[in-house]
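Structural features, examined
Given next are the chains, with one letter for each unit.
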Amino acid sequence: MVDRDGAGAAGTEQERNVEVVRRYLRTFVTKDLAELAEVVAEDVEIYGSGLAVRGRRYPEAAVSSPGLTVLDQRILEIFAAGDRVVVSMAQTYRRDATGATTVQSACKMYRLAGGRIVQFWGEQDTYGLLRGLGLLPDVPIAF
């Protein structure tokens, strides 16, 4: 088993899986779509935010979002067991048009096969991201 920082006693598939997920997450900072293609399966299954979609084009679009730049990425915890890797993280985004910055938290779980991500599930604080970047009013929602 690999611990919360991704380190483990065994030089195993789990450690390799942690490195694949780290490489994938790094593409949000580097915008390196060639690296993303190396670590994400073409027909990856993606679940989250009320959606279930298939295809690498979805994470590619997220990585290359025009007008939005990831300035910093902090992996708070990363844990591997079997063919799964779970990550909690925070990314600092900049809205390029205004210079506004904010931090978005996320929790994701990845399943890997053959050295590639084949499925992932997760949620991120999209509402907080939009508020922090000035795209939604910074007031409580009235229900």
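It should be noted that the structure appears before, not after, this text.
Residues numbered from 1 in each chain as written. Predicted model: local features only at pLDDT ≥ 70, side-chain atom pairs only at ≥ 80, totals over all residues. Heavy atoms only, no water.

1. Considering the overall build of the protein chain
Of the regular secondary structure elements, the protein chain holds four helices and six strands. Taken against the 2.2 N^0.38 rule, which gives 15 Å for 143 residues, the C-alpha radius of gyration of the protein chain at 16 Å falls within 12% of a compact globule. For the protein chain, with 143 residues in total, the buried portion stands at 36%. Taking all contacts inside the protein chain whose residues are at least 6 apart in sequence as the whole, residues at least 24 apart take part in 49%. Total accessible area on the protein chain is roughly 7800 Å²; 55% of this is exposed by carbon and sulfur atoms. Looking at the protein chain, you have 17 positive and 19 negative side-chain charges, and the mean spots of the two groups are 3 Å apart. (Helix = DSSP H or I, 4+ residues; strand = E, 2+ residues; numbered from the N terminus. Rg over C-alpha atoms; globule rule 2.2 N^0.38 Å. Buried < 20%, exposed > 50% of the residue type's maximum accessible area, 1.4 Å probe, protein only. Contact = heavy atoms within 4.5 Å. Areas by Shrake-Rupley, 256 points an atom, 1.4 Å probe, with all protein chains shown as cover. Lys, Arg positive; Asp, Glu negative; His and termini not counted. Charge placed at Lys NZ, Arg CZ, Asp CG, Glu CD.)

2. Things to note about the pairing of strand 3 (residues 68-81)
Every other side chain in a regular strand lies on the same face of the sheet, so the side chains alternate between the two faces. Strand direction decides the pairing type here: strand 3 and strand 4 (residues 84-95), joined by twelve bridges, are antiparallel. Pairing of F79 across the sheet is with V86, part of strand 4. Once strand 3 ends, the chain turns through two residues before running back antiparallel as strand 4, passing G82 with a positive phi of about 60°. (Pairing = 2+ DSSP bridges.)

3. Thoughts on helix 1 (residues 13-30)
Here helix 1 spans 25 Å end to end across 18 residues, near enough to the 26 Å set by a 1.5 Å rise per residue. Listing the buried residues of helix 1 in full gives Q14, N17, V18, V20, V21, Y24, L25, T27 and F28. At the N-terminal boundary of helix 1, the capping side chain belongs to T12, with an oxygen 3.1 Å from the backbone nitrogen of Q14. At the C-terminal side of helix 1, K31 shows a positive phi close to 60°. (Expected span 1.5 Å × (residues − 1). Polar contact = N/O pair within 3.5 Å; in protein donor to acceptor, adjacent residues only side chain to side chain.)

4. Here's the deal with the pairing of strand 1 (residues 40-48)
With four bridges connecting them, strand 1 and strand 6 (residues 116-124) associate as parallel partners. If you follow V40 over to strand 6, its bridge partner there is I117. Here four bridges tie strand 1 to strand 2 (residues 51-54), and the two strands are oriented antiparallel to one another. Bridging from a neighbouring strand, G48 pairs with L51 of strand 2.

5. Considerations on the packing of aromatic side chains
Throughout the structure, instances matching the rule amount to five aromatic pairs. Consider the rings of Y47 and W121, whose centres lie 6.0 Å apart with planes at 15°: the pair is stacked. On the criterion of sequence distance, the pair formed by Y47 in strand 1 and W121 in strand 6 is long-range, its members being 74 residues apart. The exposure class assigned to Y47 is partly exposed, which follows from its relative accessible area of 30%. Exposure remark for W121: the relative accessible area of 24% places this residue in the partly exposed category. Taken together, the ring pairs in this structure connect Y24, F28, Y110 and F120 into an aromatic cluster. (Phe/Tyr/Trp six-rings, centres within 6.5 Å; stacked < 30°, edge-to-face > 60°.)

6. Some words on a nonpolar patch on the surface
A surface patch of nonpolar side chains, about 460 Å² in accessible area, is lined by Y127, L136, I141 and F143. With respect to the helices, strands and loops of the structure, I141 is situated in the segment after helix 4 (126-132). (Patch = residues over 30% accessible without salt bridge, like charges linked within 9 Å, V, L, I, M, F, W, Y side chains within 5 Å. Salt bridge = Lys/Arg side-chain N within 4 Å of Asp/Glu carboxyl O.)

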